[in-house]
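Breakdown of the fold
The chain contents come next:
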Amino acid sequence: MTTVRVPTPPAAAMPVVASTQWVAERLGARLEDLGGPEHIESLVGLGIRRNPRRAHLLVSSVLGKHVPVEPDRVYDTAARLGRLVADRVRGAVCVIGYAETATALGHVVADVLAAPYVHSTRRTVRGAEVLATFEEEHSHATAHRLLPDDPAIFATADTVVLVDDELSTGRTAMNTITALHSPGTHRRYVVAALVDVRSAEDERALLQFAERLRIDIDVVALARGRLSLPAGFVQSAADVAAVRQDAETRLVRDCRVNPARWHSTVREGGRHGFTARHRGQAHAAASDCARGLAPAILGPDVLVLGSEELMYAPLLIARALVDVLGDRCRVRFSSTTRSPVLAIDEPGYPVRTRIAFPAHDGTDQSPRFAYNVAPATGNAPCNDIVLVVDTAGDSDQLRTPDGALAALSAVAERVHLIVVPSSSPVARSGPPPGPLRGPAFGSYRADDVGWLLTDISDAPLERPIEEREEAVQSAAAHYSESLPVEYQPSAAYLDVFHRAVRENVTQVAEAVGVLTEVILAERGRHVVLASLARAGSPIGILLRRWAHFAHGVDLPHYAVSIVRGRGLDMEALRFLAGRHDSRDVVFVDGWTGKGAIVRELVSAIPSCNAALGTHFAPELAVLADTGHCVSTFGTRADFLIPSACLNSTVSGLVSRTVLNRDVLGPHDYHGAKYYRSLAAADVSQYFLNAVTEQFPHVAEVVERRWREVQAGPRLPDWSGWAAVEAIAAEHGVTDLNLVKPGIGETTRVLLRRVPWRVLVRPDALSQLEHVVLLAADRGAEVVEVPELAFSCVGLIRPRRAAQ
């Protein structure tokens, strides 16, 4: 194509204002501000649309859909909403945005929260698994699908955030929650919108809905308002639409299409999920794209135009163009839509012009529109339009004489086309892989345990303990995304460890025997052991060895990952269900403290069962139930289990588990490292063999004690959790995750975290030599508390104490 230039310089464009004036004066509608961080009329105006379900439209002046707006204003407004949401979330978070209007809005909220994100879609994508469907009842296109390639972003979330541009009744949010929710899954939802215009009746309906499901639903919005429509408004709006022609402008210009490149491997949006890895790649790709496009932009008025659900990548490109072009151009951003809005070229009405063209992404045959792109009366045409489509939208229909490119070329001097690759769901290629086994991974024997983990030994994930603690407590990162630097014990500390083995090995052997016998008696001899890596893994090996010693039974044993705030590894459960009857699986750990991992397991299993169609029991068997929060245990005494004294060197040279999507794919198991370099210090087999050698000597005691345990009081009373709450209150600690009760958990605090204080019960000091030694080494205060419910309690230093 040749380029035709306008011979006279264009007049300055008059920005369209999203006003309520026109609809208020002619049809009597009123939008009242009810308070909030921002005034409602600074965010939206009122328009009319051709929709019998709802004739009015809240036209946003900050969203970049119907009204072109500066890209930084779009992003900054969404970020302000994200900061409001950040004050309401708890634990692990995932964010859902709604197609088509709120896809970029949800993206930015997820950016602020550093949370995984997925937006609903109206597309049917070959090869994508549908996680959920729901209806947006008032919309022009009602059906929504969620197609994440990693459903675990939902299963592991404590809080689910639903992001929409407006909250008009709350029914779409309730439909979404109904589709996602099942007993035992998410207990907390945050519904976020730029504006909340629900009636009092709608607000009550959402509260009653939350009460029925026994969940918490919090609502946040930048502005609250009340929309009042007079009687007969729908008919009046229809009458206006019937007599008015949409204001369409065709300048019939011949314009050039300048392609620019987006990296082929970079995900363009959240249709199939979007994580921290994708976020960084997309920002870099947008910058590269803007630099490549800039030489073809003459300006001074530039519009970056997204395509329906595709809004985030175009928004990033628009922001990057602002940086590249500087003051010589004014850059605005908006998007095409399938929403049929009446355009009226009169002051005070928010949708002044429209252009229409056929659909070009293959989803349906309804027309598509671009509003306020053609110049309104008194305005000059746009100089440059940058149309951004994905490969699904880069079709023959895009280039027909009445297609989108021709329609845009008729209202601008130049049109530039950017095609970003349509991301595809990452398909699972066959069943999950088999487990890792020693000596290829870890120092345990191959028959001891199969690690259902991904080997990430080459990933540089270790961070200094103080830096890591700051990131975790400030919510800048989840603890499972990095690893502490492995503590290297002194010779004096190793002497304490070996003495602990000699002095406690008999008690460990007895508890192992009791726990194994209780499991076999209640679950049968076909049980499958699934130990929680890594503290539970040496215990699982010992249970397996007792079963063989006492009964000649070889129990299958696997190690699986569970992460506080993120749940169980669903891919590991998928493997277990494919190899064994899920009803035979028993989850095993070393000890309980206050019971956080017990709660995590109980919360995670129902949603995993629902997703996989399995019957895993939401129960945990532990060697020492010091927190009184399980019913299957070897003992409830808070005694020293020597494997708690060290890190990987007593746990098969395997790190604690990692859930970091920058190094793990959506269908990978959780990750862990094999520290081969520490082989000279490895005492894993030494500890196991020392306990196993005691089996013949404790067999008679075990035979008596397991029956006593089985017949005795076993129901959990959660007294450990209550004790932790009291300790936290006494020491001014507001986050219970900073209080770690029991010998095992206190030792972990001293090895991996930044300790503040260690509370010890004086009569337990004889078995706390390693704790006292570590506390002195780490500079933690040791405080004797005679009536302490545990042998000891470790307090992690709160950020405010550090400051």
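Conventions used here
Residues numbered from 1 in each chain as written. Predicted model: local features only at pLDDT ≥ 70, side-chain atom pairs only at ≥ 80, totals over all residues. Heavy atoms only, no water. Helix = DSSP H or I, 4+ residues; strand = E, 2+ residues; numbered from the N terminus. Buried < 20%, exposed > 50% of the residue type's maximum accessible area, 1.4 Å probe, protein only. Contact = heavy atoms within 4.5 Å. Areas by Shrake-Rupley, 256 points an atom, 1.4 Å probe, with all protein chains shown as cover. Lys, Arg positive; Asp, Glu negative; His and termini not counted. Charge placed at Lys NZ, Arg CZ, Asp CG, Glu CD. Phe/Tyr/Trp six-rings, centres within 6.5 Å; stacked < 30°, edge-to-face > 60°. Pairing = 2+ DSSP bridges. Axes fitted to C-alpha atoms, helices over the stretch in contact; angles between N-to-C directions. pLDDT = per-residue confidence, 0-100. Disulfide = S-S within 2.5 Å.

**Considering the overall build of the chain**
- Looking only at helices and strands, the chain features 21 helices and 32 strands.
- Looking at the chain residue by residue over its 803 residues, the buried ones come to 61%.
- Counting only contacts in the chain whose residues sit at least 6 apart along the sequence, the fraction spanning at least 24 positions is 78%.
- Just so you have it, the chain exposes about 30,200 Å², and 51% of that area is on carbon and sulfur atoms.
- When the 84 basic and 93 acidic side-chain charges of the chain are each reduced to a single mean position, those positions are 3 Å apart.

**With respect to the packing of aromatic side chains**
- According to the stated counting rule, one finds 13 aromatic pairs in the structure shown.
- The interplanar angle of 75° and the centroid separation of 5.3 Å between the aromatic rings of tryptophan 22 and tyrosine 349 together place this pair among those described as edge-to-face. You can see tryptophan 22 sitting in helix α1 (residues 21–27) and its partner tyrosine 349 sitting in the loop between β12 (330–336) and β13 (354–357), a full 327 residues away along the chain. In this structure, tryptophan 22 and tyrosine 349 share a single accessibility class: buried.

**Some details on helix α3 (residues 103–113)**
- Of all the 11 residues making up α3, 10 are buried; the element is thus mostly covered by neighbouring parts of the structure.
- When α3 is considered as a whole, its buried residues turn out to be Thr103, Ala104, Leu105, Gly106, His107, Val108, Val109, Ala110, Asp111 and Leu113.
- Two residues or fewer past α3, alanine 114 is found with a positive phi of approximately 50°.

**Observations regarding the sheet that holds β12**
- The strand order across the open sheet built from four strands is β12-β11-β15-β16, with neighbouring strands paired in parallel fashion. Looking at which strands have only one partner, the edges of the open sheet turn out to be β12 and β16 (412–420). Taking the axes of each pair of neighbouring strands and ignoring which way they run, one obtains an average angle of 20° across the sheet.

**Regarding the confidence of the model for the chain**
- Of the residues in the chain, 93% reach a pLDDT of 70 or more, and the chain-wide mean stands at 87.
- Within the model, the stretch residues 1–14 combines pLDDT values under 50 with 21 contacts to residues more than four positions away or in other chains.

**Things to note about the state of the cysteines**
- All told, the structure shown has zero disulfides when counted by the stated rule.
- Cysteine cysteine 289 is unpaired, with the sulfur of cysteine 329 as its nearest cysteine sulfur at 16 Å.
- Here cysteine 629 is not cross-linked by a disulfide; its sulfur's nearest cysteine counterpart is in cysteine 792, at 16 Å.
- Using a relative accessible area of 3% as the deciding quantity, one classes cysteine 629 as buried.

**Quick word on the side chain of serine 643**
- Assignment of secondary structure puts serine 643 in the loop between β27 (632–635) and β28 (671–672).
- For serine 643, the contacting residues outside a window of four places in its chain are Pro538, Val650 and Phe687.

**Structural notes on the sheet that holds strand β17 (residues 450–451)**
- Strand order in the open sheet formed by six strands is β17-β22-β21-β25-β26-β27, and the pairing between neighbours is parallel. Lying at the two open borders of the sheet, with one neighbouring strand each, are β17 and β27.
- In this structure, strand β26 (residues 620–625) lies alongside β27, joined through three bridges in parallel fashion. The residue of β27 that forms the bridge with alanine 624 is threonine 635.
- Where helix α12 (residues 491–523) meets the sheet, its contacts fall on β25 (585–592), β26 and β27, and the angle it forms with β27 comes to roughly 155°.

**Here we look at unusual backbone geometry**
- Residue glycine 438 is joined to proline 439 through a cis peptide bond whose omega torsion reads 0°.
- With respect to the helices, strands and loops of the structure, proline 439 is situated in the loop between β16 and β17.
- At the junction of alanine 533 and arginine 534, the peptide bond is cis and its omega measures out at 0° in the coordinates.
- Residue position: arginine 534 is located in the loop between β21 (528–532) and α13 (536–551).
- Phi is positive for alanine 114, close to 50°, though the residue is something other than glycine.
- Of note in this structure, tryptophan 718 is not a glycine but carries a positive phi near 55°.
- Take tryptophan 718: it is sitting in the loop between α17 (695–711) and α18 (719–730).

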